[in-house]
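Next come the chains, spelled out residue by residue.
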Amino acid sequence: QDIQGIPWERLQFNRSTYRDTRLRQYRNYTNLLVSCPAAAAPACAARGPPFFSFVRNSRAVQSNIVHFQLRNLVWASSPNDVFVVHDNCVNHWNPVSRTVTEVLNLNGGGHGGGLHGGGGAGVVRGAASTRVPGLGRVQVSTLCVSGDLVAAGGFMGELVVQEEEEAEEEAEARLARRDNGITNGLEIYNDRSAGTVVMAANNDAQLRLFAAAAGEGALRPLARWPFEWAVNYATVRPGGDGNLAAVVGDDPATLITDVHNGVTVARLEGHRDFSFAAAWHPGGTLLATGNQDTTSLLWDIRNTATPLTRLAGRMGAIRSLRFSPDGRFLAMAEPADFVHVYDVVAGFMDCQEHDFFGEIAGVAFSPDSSCLFVGVSDLTYASLMQLQRQTCEW
């Protein structure tokens, strides 16, 4: 049986034929490259042990994508707490009880979230308490969840942060005043002096930092740093003072910037188009960047003259990157159909390819690294896939 429930036996073509057609006809979107020829690195195929095995495809958990280049719409705070964006709502999925619960409704007034579940899942519909008054309708373009904080960014530059345990306490702001000020990416991290910080990457070429103290119900601006191009994503290096961030955007280069003073300390060059993804290894010395040239580059931050290696996708841009919290694996997601899981310990030589059909809204490891969740956005076969880490060692 197909893991997505696609009835191939009733169609005029089989899965293999459709996959070949899809690979042949898919057109990768680029901004600088007129065409994107085959990458220098070989694409990841099934050339390693099965690190993660398929557990469940939950059709009740739907997600949708507001901007085709932004794919950070799935987060997991535990193996049983997964957050996805659907119809401008942040929803919580519990795989054990198989229930979807509305956490944050950004449809702007009115009543009831209109979630429709299937496959035996229970659905808790939106309540008035999950709505944010006064901000109006927010088209959710990006999401970040960390600890008790849920942060959602909007297509018109909005930022909404809510404490999970205090649904009535929200902090919201309109970050950008330009029509193209989309909130492209969010990260929540701990700063040694400022405490919990929400960092927003915006299309108006700004990187903004806010202090989010528990119980305050407001975001306190800390800093705003301008760049020469739209900032698509930024992520702070783990460990140390929490001051260095990898910043990617509408430029082939990746900048390593001190978020305390806005000074760029390194410029990483090797990509050929715009970048939309970046992730630090938990050890703090390894950085992965994802680009519309269909590759991910791995960098040793101690020597940034050249990348350590280049990993290639099968058909499209690398839109989302995640290291497992234990540092063992790197998940690399294309815009559709493919998620590649690399073994970091094996020097990225071993890879498991997860192959399905549909746009990818986001990927997320659980904090204990036991699960990998993949949001699939599709008119017919939208779902949340759950993959379980195998217990054997390789």
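Scroll up to find the structure.
So, here's what we can say about the structure. (Residues numbered from 1 in each chain as written. Predicted model: local features only at pLDDT ≥ 70, side-chain atom pairs only at ≥ 80, totals over all residues. Heavy atoms only, no water.)

### Thoughts on the overall build of the protein
Inference 1: The helix and strand inventory of the protein stands at 1 helix and 28 strands.
Inference 2: In the protein, the proportion of contacts linking residues at least 24 apart, taken out of those at least 6 apart, comes to 50%.
Inference 3: A total accessible area of about 15,900 Å² is found for the protein, and carbon and sulfur atoms account for 48% of it. (Helix = DSSP H or I, 4+ residues; strand = E, 2+ residues; numbered from the N terminus. Contact = heavy atoms within 4.5 Å. Areas by Shrake-Rupley, 256 points an atom, 1.4 Å probe, with all protein chains shown as cover.)

### Side note on the packing of aromatic side chains
Inference 1: Throughout the structure, instances matching the rule amount to 11 aromatic pairs.
Inference 2: Pairing F13 with Y18 gives two aromatic rings, centres 5.4 Å apart and planes at 20 degrees, and the pair type is stacked.
Inference 3: Of the residues examined, F13 reaches a relative accessible area of 37% and is grouped as partly exposed.
Inference 4: Look at Y18 and you get partly exposed, because its relative accessible area is 30%.
Inference 5: Put simply, the rings of W8, F13, Y18 and F357 pair up and form one aromatic cluster.
Inference 6: One residue, R319, lies across the ring of F276, its end atom 5.0 Å from the ring centre.
Inference 7: One Lys or Arg, R322, reaches over the ring of W75 and ends 4.6 Å from the middle of that ring. (Phe/Tyr/Trp six-rings, centres within 6.5 Å; stacked < 30°, edge-to-face > 60°. Buried < 20%, exposed > 50% of the residue type's maximum accessible area, 1.4 Å probe, protein only. Lys NZ or Arg CZ within 6 Å of the ring centre and 35° of its normal.)

### Overview of the side chain of Q162
Inference 1: For Q162, the location among the structural elements is in strand β9 (residues 158-163).
Inference 2: There is a polar contact of 3.1 Å between the side chain of Q162 and the backbone oxygen of V103. (Polar contact = N/O pair within 3.5 Å; in protein donor to acceptor, adjacent residues only side chain to side chain.)

### Some details on the pairing of strand β7 (residues 140-146)
Inference 1: Taken across its 7 residues, β7 has 6 buried, putting it largely inside the fold.
Inference 2: Relative to strand β8 (residues 149-154), β7 runs antiparallel, the two sharing 6 bridges. Counterpart to T142 in the pairing with β8 is G153.
Inference 3: The loop that links β7 with its antiparallel partner β8 comprises 2 residues; one of these, G147, has a positive phi angle of about 60 degrees. (Pairing = 2+ DSSP bridges.)

### Describing the sheet that holds strand β16 (residues 244-249)
Inference 1: Read across the open sheet, the 4 strands follow the order β15-β16-β17-β18; overall the sheet is antiparallel. Each having just a single partner strand, β15 (231-236) and β18 (264-268) make up the two edges of the open sheet. Adjacent strand axes in the sheet meet at a mean angle of 20 degrees, parallel and antiparallel pairs treated alike.
Inference 2: The pairing of β15 with β16 spans 5 bridges and is antiparallel. Directly across from V236, in β16, lies its bridge partner A245. (Axes fitted to C-alpha atoms, helices over the stretch in contact; angles between N-to-C directions.)

### Description of the pattern of salt bridges
Inference 1: Taken as a whole and assessed by the stated rule, the structure comprises 13 salt bridges.
Inference 2: Linking R22 and D337 is a salt bridge whose minimum nitrogen-to-oxygen distance equals 2.7 Å. Taken as a pair, R22 in helix α1 (residues 15-25) and D337 in strand β25 (residues 336-343) lie far apart in primary sequence, 315 residues in all.
Inference 3: According to the relative accessible area criterion, R22 is partly exposed, its value standing at 22%. (Salt bridge = Lys/Arg side-chain N within 4 Å of Asp/Glu carboxyl O.)

### As for unusual backbone geometry
Excluding glycine, residues mostly have negative phi values, and the peptide bonds linking residues are mostly trans.
Inference 1: In this structure, D337 is a non-glycine residue whose phi angle is positive, near 75 degrees.
Inference 2: Residue S369 is not a glycine yet carries a positive backbone phi of 65 degrees.
Inference 3: Inspection of the secondary structure assignment puts S369 in the loop between β26 (351-365) and β27 (371-377).
Inference 4: Looking at S369, the relative accessible area reads 1%, which means it is buried.

### Here we look at the nonpolar core
Inference 1: Of all hydrophobic cores here, the largest spans 28 residues; its most connected members are F83, V90, L106, L143, V150, L159 and V161.
Inference 2: Elements represented by at least two residues in this core include exactly β3 (81-86), β5 (99-105), β7, β8, β9, β11 (183-191) and β12 (195-202).
Inference 3: With 17 residues, the next largest nonpolar core counts L209, V247, L255 and V259 among its residues. (Core = buried A, V, L, I, M, F, W, Y, C linked by side-chain atoms within 4.5 Å.)

### Focus on the pairing of strand β20 (residues 286-291)
Successive residues of a regular strand alternate their side chains across the two faces of the sheet.
Inference 1: Buried residues dominate β20, accounting for 6 of its 6 residues.
Inference 2: Side-chain alternation along β20 places L286, A288 and G290 on one buried face and L287, T289 and N291 on a second face that is also buried.
Inference 3: The sheet contact formed by strand β19 (residues 275-280) and β20 spans 5 bridges and is antiparallel. Bridge pairing in β20 links A279 to A288.
Inference 4: Count of turn residues in the β19/β20 antiparallel hairpin: 5 residues, of which G284 carries a positive phi of about 90 degrees.

Take it as geometry only, folks, not as evidence of what the structure does.
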